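Now for the letters of each chain:
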Amino acid sequence: MKLTDILRQINEEEEENGIKSPDQANYEVAIIPSDMQAALDALSNSENYVVKVKDEEDNEKIDTNFSRTFSDRSQIDKIFGSQNMSDRNIDAMNNWNSLSPVGRRSKIKDIQKRIPEVYKKGIEQKDFVKAYDAWKNEGNEGSEEDFIVANDYKPGAEFAPIKKVSKLSTDNKYFPQKNADTIKKYAGTLSIDTNYDIDGDKIVFPSTKNAWGNKELIKRRIKTIMGNAGVEFKEDTTYQLPDESPTQEPTLSPEPKPAGPSVLTLTLDPVKIKGKKNELNAIIKLLKNTYEKNFDYNEDTNVIKIANIKPERRDKVRSQFGNFLKKTDPLKESLDFDLERYQMLRRAGIIK
C-alpha cells in the first residue's frame, strides 16, 4: 500500500472515531440535489457507498467500502420489522405513521420495486378503488400513490391504502425479508427520517442522527455517494438546526414576563393549494397527530392556527407549509402570534 493510501486511511479512521477536534461552527451538512428522487435513490443503494480508485494498470477497483451494517437490534427491527407476525403489523403501523410525506413516498417506491405484483394487485382491489374514488370526490387530486401517502396506517382490520399494497392476506410484506443480501442492501445505507431529513429542496444530515458523526466525514462521503450515482448537487453551507439552548432575556425594570409558547397563525394561498391538496392534507394530518387539540385548520378561510407551540418550533412548522403560504409582512405576522415578545424587545431597544 502506498504511503498516501495509509495516511488517508489513518485520517479517515481518526475522523470516524472522533479523535480529531469537533466542528466549531453550529451547522449541519445539507445538500440541494438537482433531482431529489435520484438523490434519494442514490442514498438507498449500498453500491454507491464505496470509494473507487485506479491501480497502476488503470483498472478501477474498490478502495474503501463505508456502507454500514447495523448491529443494534432496535435499528435492525426498524428496517426489517419484528420477526413475530403480530408485532410486525404494529411495527408497520408505527413506522408508516411516523414518516414524513417524503418518507412515505420513498417507502412506496421501495414496495413498488420489491413486490410490484403485490402493489399492482392492491390498487386494483375493489375496496381500494372505491376508497380512492371517494377521496377524489372530496376534492382531492392525485394518483393512487398520492392517495396512499395522504392516509395513515390503521390498526386491526380497518381499511388503510398502504395495507392494501403491502399485504397478501395475512402475510405482511411492508418490511423486506431479512437475509444476507437484504441486510447488505438495507442495513448498509442511510435511512430517511432516521439518518437524514428532507427540508424543502434540501437533504439534511444531522450529525446526531448519523453513524459517521464527524461533519467533514459526512460531507465527503455524501459527495462520494452522489458522485458514484451521477447526481449533481449544491452544498448549503449555512444550514442550522434550531438552537434550543436557553438564552438570557434582557433585564428590564420591571422585568417583563418571558415570551413562552403562543399561537402560530399561517394563512394559505388558495392558488398554491390547487392541484396539491393531497400533499397539503398529508402535512396537516401529521401535524394534527402532533399537536392534537392545539391544531386548527379552517378550510373556508384557509387559516391554520397552532396553539401552545414553542418558539423554536415555529420556523420548522412554517417551512413545512412553505409551498402553500400567502406572502405576508413578516413583522405583521410575528405581531399576530407573539405581540408580547415584540413589545418587550422594543422597549429594551433590541429592535427598532
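The rules behind these values
- Residues numbered from 1 in each chain as written.
- Predicted model: local features only at pLDDT ≥ 70, side-chain atom pairs only at ≥ 80, totals over all residues.
- Heavy atoms only, no water.
- Helix = DSSP H or I, 4+ residues; strand = E, 2+ residues; numbered from the N terminus.
- Expected span 1.5 Å × (residues − 1).
- Buried < 20%, exposed > 50% of the residue type's maximum accessible area, 1.4 Å probe, protein only.
- Polar contact = N/O pair within 3.5 Å; in protein donor to acceptor, adjacent residues only side chain to side chain.
- Salt bridge = Lys/Arg side-chain N within 4 Å of Asp/Glu carboxyl O.

K.L.:
In this structure, what is going on with helix 13 (residues 277-291)? I would like to understand it.
P.N.:
Since the α-helix advances by 3.6 residues per turn, residues separated by three or four positions end up pointing in the same direction. Over its 15 residues, helix 13 extends 21 Å from the first C-alpha to the last, a length consistent with the 21 Å expected when each residue adds 1.5 Å. Buried residues of helix 13: Asn278, Leu280, Ala282, Ile283, Ile284, Leu286, Leu287 and Tyr291, and no others. Backbone geometry just downstream of helix 13 places glutamate 292 in the positive-phi region, at approximately 50 degrees.

K.L.:
Hey, could you run me through the environment of aspartate 35 in this one?
P.N.:
Locating aspartate 35 in the fold gives a position in the loop between strand 1 (29-33) and helix 2 (36-43). Using a relative accessible area of 38% as the deciding quantity, one classes aspartate 35 as partly exposed. For the pair aspartate 35 and glutamate 232, spaced 197 residues apart in the sequence, the C-alpha separation amounts to 7.7 Å. Within the structure, the side chain of aspartate 35 is placed 3.2 Å from the backbone nitrogen of glutamine 37, a separation counted as a polar contact.

K.L.:
Please clarify how the pattern of salt bridges should be interpreted in this entry.
P.N.:
Opposite charge on two side chains makes pairing possible when the charged atoms of those side chains draw close. A complete count under the given rule lists 16 salt bridges for this structure. In this structure, lysine 202 engages aspartate 201 in a salt bridge whose closest nitrogen and oxygen atoms are separated by 3.6 Å. With relative accessibility at 43%, the residue aspartate 201 sits in the partly exposed group. For glutamate 235, the salt bridge goes to lysine 219, with nearest N and O atoms at 4.0 Å. Here glutamate 235, found in strand 8 (residues 233-235), pairs with lysine 219, found in helix 11 (residues 215-229); they are 16 residues apart in sequence, far enough to count as distant. Counted as one network, the salt bridges with shared partners bring together Arg105, Lys109, Glu145 and Asp146.

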